Amino acid sequence: MNDTPQGERTRIAILGRCNVGKSSLINALAGQPVAIVSPVRGTTTDPVRKAMEMLPLGPVLFCDTPGLDDDGVLAPEREERTLAELRQADIALLVTDAPTGIGPHEEAILAKVASLKTPCVIACNRIDETPPGADAPFGGRVFTPVSAKTLEGIDDLKRAIMKAVPDEARRPIASDLVKPGDVVILVVPIDSAAPKGRLILPQQQVIRDLLDAGVITVVARERELEGALAALRTPPALVITDSQAFQVVSRIVPEDVPLTSFSILFARYKGDLPELMRGAKAIAGLADGDRILVAEGCTHHRQGDDIGTVKIPRLLEAKTGKRLRFEHSAGMGYPPDLSDYALVVHCGGCMLGRREMLSRIAAARAAGVPIVNYGVLLACLNGILGRASAPLAGR
Ligand SMILES: Nc1nc2c(ncn2[C@@H]2O[C@H](COP(=O)(O)OP(=O)(O)OP(=O)(O)O)[C@@H](O)[C@H]2O)c(=O)[nH]1
Ligand SMILES: [Mg+2]
């Protein structure tokens, strides 16, 4: 259960004045002490993330943020970090109390949340001390009365959060490409790179997505693919393969059967596939000395033939025949100014939420810089992008 990567979790940013009970509410929602609580104002000094399972919503990532102080100001760098969390959040949870309701600080937060178009849930905490009367200053806004101390209203707050989760956060991965009752074949090579005794997360997610939609899923290695096709009375509605096996699979699957890859499905699920495909077209126009940004969403341990620092630069130079200048960014260190780059190559973003991926893609577009991700770039360089993206055209 703790294996869900951050990028797959519904992100909830908790905002509000100092000492209003934000950290206490996270603990109450989690049912365990995960955040530090104290009567000292300004206890939470930096955003703190906590992953948890909130049934029936599933995996969520709470981000506790420092409160605005009495003047409504934060040290600029702290404010920037809080805003960065808010930009990534699927939902904002604004915490206040009955005496204050929606005061100037809350208004300022709501204005920011509204400008980001983030759904917002308002909690009125400390109802054990001050229950909100009919005249509580909430300006007609809907709020959930709670007490992080007595836990009154916590279940209502969970329901309110659940209702606010945008449909966008529950996007299909492959199920919208087929109909209930259709048969889909997944081609999963079992080689030395496959983890022992299990499937990798994207494969599990696709199977779950198809099962939820009533789609019949057949899983086979590439060696058994011909047998799987022969065993079906009618051709499958779709074949999804690991990209590594695409060439082999492409020769086996008849031309009139739609074929795509896990990476292309996830490029769409996570980002903006048409924009990433436009980005791939820019590869052909690269020139000597062009600056290329290779951006990754996490700071993982790099192995000898690391994809971002070794494989992709090598492949791009080999395919274009140009001397390119590569620069790298990791984690949240995505450069604010992209305008000097000829191309941005981004990782699949498994540690980033879709909102963050889309905002990175939008930043590149705004700077007039083409952007592509690993999956689409590799599909393009291997000459399979056309067939692999055809089943997703217009979706
Ligand atoms: N009576 C009562 N006290 C509460 C409630 N929620 C929080 N508190 C208390 O209020 C104080 C501040 O709570 P925190 O959860 O640390 O508040 P915070 O908003 O995270 O504060 P900062 O991190 O400083 O911004 C603590 O002493 C809590 O025990 C509540 O519902 N009722
Ligand atoms: Mg706190």
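Residues numbered from 1 in each chain as written. Chains lettered and ligands numbered in written order. Predicted model: local features only at pLDDT ≥ 70, side-chain atom pairs only at ≥ 80, totals over all residues.

1. Focus: the overall build of the chain
- Counting secondary structure elements, the chain contains 13 helices and 14 strands.
- Its C-alpha atoms give the chain a radius of gyration of 24 Å, within 12% of the compact-globule value 21 Å for 395 residues.
- Oriented by its inertia axes, the alpha-carbon framework of the chain measures out at about 70 × 55 × 35 Å.
- Relative to its 395 residues, the chain shows a buried fraction of 37%. (Helix = DSSP H or I, 4+ residues; strand = E, 2+ residues; numbered from the N terminus. Rg over C-alpha atoms; globule rule 2.2 N^0.38 Å. Buried ≥ 20, exposed ≤ 12 C-beta atoms within 10 Å, placed from the backbone.)

2. Overview of the domain arrangement of the chain
- According to the domain assignment, the chain consists of domain 1 (6–169), domain 2 (175–257) and domain 3 (270–381).
- Put simply, the middle of domain 1 and the middle of domain 3, counted by C-alpha atoms, are 34 Å apart.
- Across the boundary between the two partners, domain 1 contributes 7 residues, which contact 9 residues of domain 3.
- Among the elements that take part in the side of domain 1 that touches domain 3, helix 2 (residues 76–88) stands out by supplying 3 residues, more than any other.
- Tallied by class, the residues present in the side of domain 1 that touches domain 3 amount to 1 nonpolar, 3 polar and 3 charged. (Domains from an automatic or database assignment. Contact = placed C-beta atoms within 7 Å. Nonpolar A, V, L, I, M, F, W, Y, C, P; charged D, E, K, R; others polar.)

3. Considerations on the sheet that holds strand 10 (residues 259–261)
- The strand order across the open sheet formed by 4 strands is 8-7-9-10, and the pairing between neighbours is parallel. This sheet does not close on itself; its edge strands, each paired only once, are strand 8 (216–220) and strand 10. Between one strand axis and the next, the sheet turns by 25 degrees as a mean value, whatever way the strands run.
- As paired elements, strand 7 (residues 183–187) and strand 8 share 5 bridges and run parallel to each other. Residue pairing in the sheet places Val187 in a bridge with Ala220 of strand 8. (Pairing = 2+ DSSP bridges. Axes fitted to C-alpha atoms, helices over the stretch in contact; angles between N-to-C directions.)

4. Points about the nonpolar core
- Membership of the largest hydrophobic core comes to 59 residues, with the highest contact counts inside it found for Val206, Ile240, Leu265, Val344, Val345, Val376 and Leu377.
- When residues of this core are assigned to domains, at least three map to each of domain 2 (175–257) and domain 3 (270–381).
- Those residues within four positions of Val206 in sequence are excluded, and the remaining contacts are Ile173, Ala174, Leu186, Ile240, Phe262 and Leu265.
- Core analysis: the next-biggest nonpolar cluster, separate from the first, contains 32 residues, Ile14, Ile26, Ile109 and Ala123 among them. (Core = buried A, V, L, I, M, F, W, Y, C linked by C-beta atoms within 7 Å.)

5. What to know about helix 2
- Over its 13 residues, helix 2 runs 19 Å from end to end, which matches the ideal 18 Å to within 8%, given 1.5 Å per residue.
- For helix 2, the set of buried residues is Thr82, Glu85, Leu86 and Gln88.
- If you follow the buried residues of helix 2, they end up packed against strand 1 (10–16), strand 3 (58–64), strand 4 (91–97), helix 3 (104–115) and helix 11 (354–366). (Expected span 1.5 Å × (residues − 1).)

6. With respect to unusual backbone geometry
- Despite not being glycine, Asn19 has its phi angle at roughly 70 degrees, a positive value.
- On the secondary structure map, Asn19 appears in the loop between strand 1 and helix 1 (22–30).
- Residue Leu151 is not a glycine yet carries a positive backbone phi of 70 degrees.
- One can find Leu151 in the loop between strand 6 (144–145) and helix 4 (154–164).

7. A look at the sheet that holds strand 6
- Ordered by their spatial adjacency, 6 strands build an open sheet running 2-3-1-4-5-6, and the pairing between neighbours is mixed. Each edge of the open sheet carries a strand with a single partner, namely strand 2 (48–54) and strand 6.
- Bridge analysis of strand 1 against strand 3 gives 5 bridges, and the strand direction is parallel. Bridging from a neighbouring strand, Ile12 pairs with Phe62 of strand 3.

8. Digging into helix 9 (residues 273–281)
- Listing the buried residues of helix 9 in full gives Leu273, Leu276, Met277, Gly279 and Ala280. The arc that holds the buried residues of helix 9, viewed along the axis, is 150 degrees, so those residues lie on one side.
- Elements that come into contact with the buried residues of helix 9 comprise helix 8 (262–270), strand 13 (343–346), strand 14 (371–373), helix 12 (374–381) and helix 13 (385–389). (Arc of directions from axis to C-beta.)

9. A short note on the pairing of strand 13
- Burial along strand 13 is two-sided: Leu343 and Val345 facing one way and Val344 and His346 facing the other are all buried.
- Pairing of strand 11 (residues 291–295) with strand 13 involves 4 bridges; the strand directions are parallel. Bridging across to strand 13, Leu293 finds its partner in Val344.
- Inspection of the sheet shows strand 13 paired to strand 14 by 3 bridges, in the parallel sense. Paired with Val345 across the bridge in strand 14 is Val372.

10. A short note on the packing of helix 8 against helix 12
- Relative to each other, helix 8 and helix 12 sit at 140 degrees, their axes nearing to 8 Å. Our classification of the angle between helix 8 and helix 12 gives oblique. Along this stretch, helix 8 crosses helix 12, giving a crossing that reads as left-handed. Across from Ser263, Ile264, Phe266 and Ala267 in helix 8, the residues of helix 12 making contact are Gly375, Val376 and Ala379.
- For the contact of helix 8 with helix 12, a count of residues per class yields 5 nonpolar, 2 polar and no charged. (Parallel < 35°, antiparallel > 145°, perpendicular 65-115°, else oblique. Left-handed = near helix turned anticlockwise from the far one by under 90°.)

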